Amino acid sequence: MPVATLLPFTATPSRKSSSPTSFRLTEKFILLLVFSAFITLCFGAIFFLPDSSKLLSGVFFHSSAVETNTRKGTDSDSNIAVGTDEKILAKIRKDHEKALVEAKDTLQKRPDEIKQDIQNEKDKVLKEGLGKGGKDDDNLPVIEYVRPPGATGHEPSDPETKERREKIKEMMKFAWDSYKRYAWGSNELRPVSMQGHSSNLFGSIKGATIVDALDTLYVMEMYEDFEMATEWVEKNLDFNVNAEVSVFEVNIRFVGGLLSAYYLSGKEVFRKKAIQLGEKLLPAFKTPTGIPWALLNLKSGIGRNWPWASGGSSILAEYGTLHLEFMHLSKLSGNPAFAEKVMNIRKVLNRLDKPQGLYPNYLNPNSGQWGQHHVSVGGLGDSFYEYLLKAWLMSDKTDEEGKKLYYDALQAIETSLMRKSSGGLTYIAEWKGGLLEHKMGHLTCFAGGMIALGADGAPEDKTGHQMEQAAEIARTCHESYARTTLKLGPEGFRFDGGVEAIATRQNEKYFILRPEVIETYMYMWRFTHDPKYREWGWEAVQALEKHCRVEGGYSGVRDVYATSPNHDDVQQSFYLAETLKYLFLLFSDDDHLPFEHWVFNTEAHPLPVIKKEMTDTDKPNQLE
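Residues numbered from 1 in each chain as written. Predicted model: local features only at pLDDT ≥ 70, side-chain atom pairs only at ≥ 80, totals over all residues. Heavy atoms only, no water.

J.: I would appreciate a short explanation of the overall build of the protein chain in the present structure.
T.: Within the protein chain, the regular secondary structure consists of 20 helices and 18 strands. With 624 residues in all, the protein chain has 52% of them scored as buried. Here the protein chain displays about 29600 Å² of accessible surface, and carbon together with sulfur accounts for 54% of that area. (Helix = DSSP H or I, 4+ residues; strand = E, 2+ residues; numbered from the N terminus. Buried < 20%, exposed > 50% of the residue type's maximum accessible area, 1.4 Å probe, protein only. Areas by Shrake-Rupley, 256 points an atom, 1.4 Å probe, with all protein chains shown as cover.)

So, in C-alpha cells, the structure goes:
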C-alpha cells in the first residue's frame, strides 16, 4: 500500500510537483518525521542512558580526569595532574580494601542471613522511594527491619551443659518430627493414636503447633524446619473462617507466635499475618465498656462470654493478657486502635474499687462491675499480673502506670494471699469472698519467675525481699514435683488436712506438659546462677523422657502419683512453644534472648523491648 494513502491531508499520488528535481510534499513530510525521530533518539540516549551525566560531560565539556591528565601545559599543571593521580589511586585502594572486608564478612554469614540482608536492602530502597509515610501493597507502613540482639546464641563452654542443651534440642526435634509425620497442618498431635487433634479453642483455624513452634525452631537453629513452617504459614494459614475462637488463646499463640517469628527472622509474611489476625480480633472489644468478649466469631464479629463465667463476665487473665501483642500490632501496622483498646482496659480497671487491693477474676463487660469476688494468681488471673510488669519492661521502662499497677498488686498478693506452711513452704493461696483456699495451682508456679523478673525495679529497696520470695516459690513448686511418683507436678496441690504440696483430689493429679515450673527455674538461673535450678530442670527432663515420651511424640499423663503413666494422648502446642524453649534457655548462656532486649509473652514468645528512641508517639499513657 502506498505510504501516501496512510497519511491524511497529503497530495494525491497523481499530482506532480512544480520542479522535476524537488520532492513531493508527501516525501518531505516522511523525511521530516524520520529526521525528528533520529534527533529524539540521540538526545534521549544522552539524557536517559546510565551515566548519561558523565557522557554529557565528556562529549560537551571534556572535563574527565583522564583527559585532564593528557593535556599539555605548564609545570604547575603537571603537578596538579600528579596529585590528582595519587588521589584517584588512594581512593581505588580504599574502595578495594573495603570491598575485601565486606566480602569476608559476607562469606562468614549463613545463606539465610545473606538472603535476609539482600531483602533488607530492597526494603530500605523501597522505603526511601516511597518516602515518609509510605505504604506497601497491603497498605502497611514500610518498616526497616532490624533484628534485636541475641536472637541466636553460642554453645555453652561447659561440656555437661552443652550435652544437656543438645539433648533438649533432640527432644524438640522428636516432638516436631512426630507432629510433621502424623498431624501436619492440624492444631495438635495425638502421639499415642498418631493422628491430628484439634481443640475448639481455635475454631476452624489450623496449624496451632506450627505457629506456636516457629520461634523455638529459630532459637534452636533448626532452620530447615523453620523454612518448612514458614512456607505452610504463607500458603495455608487462613483466618477467613466462620467459627468461634477464644480471643485469649488465639492472641497468645497465633498473634504472639507470628509477631515473634517476624522479629526473629524479619520475614514480612509473619508481620502481615499477625496484623490480619489482630484486625479480625478487634470486634471482640465492641462492648459497652470496651472489655472484650472471651469468644468471637471471626466472620460475623459476634462475641460472647463463657457460659460458666460468673454472670456473663469476662475473665481477668483473658482480657488482661492482650497488652504486649496489641502494642506491637500498633507499632507494626501504624494503626493506633490496637494500643487504644488495651489502654482502655486499664481505664476501666482504674475506676473500680479493688477489694483489699486485689483484682477479682470476673468483670461484667456490660456493666463494668466485678462479678464474684474470687481472686487467683493461678488459673483465671495469672497472666494479668505478668502483663502489668512486662508492659513496663517492654516499654523500656517508660510505662509508669503499668509499673505502679504491678507493684501495688504484688503488695496486695503478699498481704492477702501469700502464706507459709507449717513445714516452711511458701505458697500463694486463692481468695473466695474473703476466705482463703489453701491451694496452689501448677499455673501459679510462674509467679516465682515473675517476681524475680520484677525484683530489680521493686520500690523502697525491696529487691532482696522479692528475690527471696521468688526463690521460696520455686522451692515449693519443685517440692510439688519431688513428692509425686513420676516426679512430674500435679495440676493443683494443697496445704491443708495435714498435707503439703500434694494433690488430694483426682481432678488435680494430672500433668499436661505444662511449662510454668520450668519457666521459674529459667528466670531464677538467669538472676542467681545457682546450679540447683539447672539440676531441677534436668530432673524434669529425665521425667519427661521416662514417662511422657511415647512412640509418636510426647503425651501428658492422667495421674502423677500412679506407679505407671496413663497417657492422655495429647501433645500440647505449648509443649513446643514454652516447655522445651524454657528448658533450652535454662541451659543456654545469658546472652541468648537477653532480658534487656526481649520480653516473653505468656506463651513464651519473645517480643523485643520497644526502645525509647524507636517511638516518637503512641507511648503508653503515664499515670497522673
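J.: What's the story with the packing of helix α18 (residues 516-528) against helix α20 (residues 573-586) in this structure? I'm lost.
T.: Where α18 meets α20, the axes come as close as 9 Å, and the angle between the chain directions of the two elements is 20°. Judged on the interaxial angle alone, α20 and α18 are roughly parallel. α18 and α20 meet at a crossing whose hand is left-handed. Touching I518, E519, Y521, M522, W525 and R526 of α18 are T579, Y582, L583, L585 and L586, all from α20. Partitioning the contact of α18 with α20 into residue classes produces eight nonpolar, one polar and two charged. (Axes fitted to C-alpha atoms, helices over the stretch in contact; angles between N-to-C directions. Parallel < 35°, antiparallel > 145°, perpendicular 65-115°, else oblique. Left-handed = near helix turned anticlockwise from the far one by under 90°. Contact = heavy atoms within 4.5 Å. Nonpolar A, V, L, I, M, F, W, Y, C, P; charged D, E, K, R; others polar.)

J.: Before we go on, may I ask you to explain the side chain of S480 in this structure?
T.: Assignment of secondary structure puts S480 in helix α17 (residues 463-482). Take S480: its relative accessible area is 1%, and that puts it in the buried class. A polar contact is formed between the side chain of S480 and the backbone oxygen of C477, at a distance of 2.6 Å. Among all residues touching S480, those that are not within four sequence positions of it are L488, G489, P490, F493 and A501. (Polar contact = N/O pair within 3.5 Å; in protein donor to acceptor, adjacent residues only side chain to side chain.)

J.: Explain the sheet that holds strand β8 (residues 374-375) to me, please; I cannot follow it from the model alone.
T.: Note: strands within a sheet are paired through backbone hydrogen bonds, in either parallel or antiparallel orientation. An order of β8-β11-β12 is seen for the three strands of this open sheet, with the pairing classed as antiparallel. Pairing within the sheet leaves two strands with one partner each, and these edge strands are β8 and β12 (435-437). (Pairing = 2+ DSSP bridges.)

J.: I would appreciate a short explanation of the packing of aromatic side chains in the present structure.
T.: We describe a pair of aromatic rings using the distance from one ring centre to the other and the angle between the two ring planes. Throughout the structure, instances matching the rule amount to 29 aromatic pairs. The interplanar angle of 70° and the centroid separation of 5.2 Å between the aromatic rings of Y218 and F226 together place this pair among those described as edge-to-face. Since its relative accessible area comes to 1%, F226 is described here as buried. Relative to W536, the ring of Y521 has its centre 5.6 Å away and its plane inclined at 55°; by these criteria the two rings are tilted. In this pair, Y521 is assigned in helix α18 and W536 in helix α19 (residues 531-548), connecting sequence segments 15 residues apart. There is no split in this pair, since Y521 and W536 are both buried. Site record: aromatic cluster; members linked through ring pairs are Y218, Y223, F226 and F270. Between R526 and the ring centre of F595, over which it is positioned, the NZ or CZ distance is 4.7 Å. Directly above the ring of F174 sits R549, whose terminal nitrogen or CZ lies 3.9 Å from the centroid. (Phe/Tyr/Trp six-rings, centres within 6.5 Å; stacked < 30°, edge-to-face > 60°. Lys NZ or Arg CZ within 6 Å of the ring centre and 35° of its normal.)

J.: What am I meant to see in the sheet that holds strand β4 (residues 295-297) here?
T.: The three strands are arranged β3-β4-β5 in an open sheet whose pairing can be described as antiparallel. Of all the strands in the sheet, just β3 (244-246) and β5 (303-304) have a single pairing partner and so form its edges. As paired elements, β3 and β4 share three bridges and run antiparallel to each other. Paired with S246 across the two strands is L295, which belongs to β4.

J.: Would you take a moment to explain the environment of D456 for this structure?
T.: With respect to the helices and strands, the residue D456 is situated in the loop between α16 (446-455) and α17. Apart from residues no more than four positions distant in its own chain, D456 is found in contact with K397 and T463.

J.: It is not clear to me how the state of the cysteines should be interpreted in this structure. Could you clarify?
T.: Under the definition given, this model contains one disulfide. The disulfide bridge from C445 ends at C477, spanning 2.1 Å between sulfur atoms. In this structure the cystine formed by C445 and C477 twists about its S-S bond by roughly -95°; its chirality is therefore left-handed. Taken together, the positions of C445 in the loop between β13 (439-441) and α16 and C477 in helix α17 put the pair 32 residues apart, joining distant regions of the chain. For the pair C445 and C477, a shared accessibility class is recorded, and that class is buried. (Disulfide = S-S within 2.5 Å.)

J.: Would you explain the confidence of the model for the protein chain in this entry?
T.: For residues with low pLDDT, the predicted coordinates do not support detailed interpretation. In this model, the protein chain carries an average pLDDT of 87, and 78% of its residues clear a pLDDT of 70 or more. Taken as a whole, residues 1-23 scores under 50 in pLDDT and shows 14 contacts with residues more than four places along the chain or in a different chain. Here residues 614-624 is modelled with pLDDT under 50, and outside its nearest four sequence neighbours on either side it reaches 19 contacts, counting other chains as well. (pLDDT = per-residue confidence, 0-100.)

J.: Honestly, the packing of helix α7 (residues 208-219) against helix α9 (residues 247-265) in this entry has me stumped. Any pointers?
T.: Each pair of packed helices can be summarised by the angle the axes make with each other and by the distance between the axes. At a minimum axis distance of 8 Å, the contact between α7 and α9 shows a crossing angle of 30°. On the basis of the axis angle, α7 is roughly parallel to α9. Note on packing geometry: the crossing formed by α7 with α9 is left-handed. Contacts between α7 and α9 involve A208, V211, D212, L214, D215, Y218 and V219 from the first element and R253, F254, G257, L258, S260, A261, L264 and S265 from the second.

J.: Explanation requested: unusual backbone geometry in the structure shown.
T.: For residues other than glycine, phi is negative in most cases, and the peptide bonds are mostly trans. Phi at E460 is positive, roughly 55°, even though this residue is not glycine. Among the structural elements, E460 can be located in the loop between α16 and α17. Notably, K487 is not glycine yet its phi reads approximately 60°, a positive angle. You can see K487 is positioned in the loop between α17 and β14 (492-494).

J.: Is there a simple way to explain helix α8 (residues 223-236) in this structure?
T.: In an α-helix, one turn spans 3.6 residues, which is why side chains three or four residues apart end up on the same side. Helix length check: α8, at 14 residues, gives a terminal C-alpha distance of 19 Å against a target of 20 Å (1.5 Å per residue), a fit within 8%. Listing the buried residues of α8 in full gives Y223, D225, F226, A229, T230, W232 and V233. (Expected span 1.5 Å × (residues − 1).)

J.: Whenever I open this one, the pattern of salt bridges confuses me. Can you help?
T.: Should the charged atoms of two oppositely charged side chains come close, the side chains can pair. Applying the stated criterion across every chain yields a total of 31 salt bridges. The shortest N-O distance in the salt bridge between R346 and D399 comes to 2.7 Å. Pair noted here: R346 is in helix α13 (residues 337-351) and D399 is in the loop between α14 (382-394) and α15 (400-416), with a separation of 53 residues, a long-range link. On the accessibility criterion, R346 (5% relative accessible area) is buried. Judged by its relative accessible area of 0%, D399 falls in the buried class. In this structure, D530 engages K532 in a salt bridge whose closest nitrogen and oxygen atoms are separated by 4.0 Å. Its relative accessible area of 27% is what places D530 among the partly exposed residues. With relative accessibility at 32%, the residue K532 sits in the partly exposed group. (Salt bridge = Lys/Arg side-chain N within 4 Å of Asp/Glu carboxyl O.)

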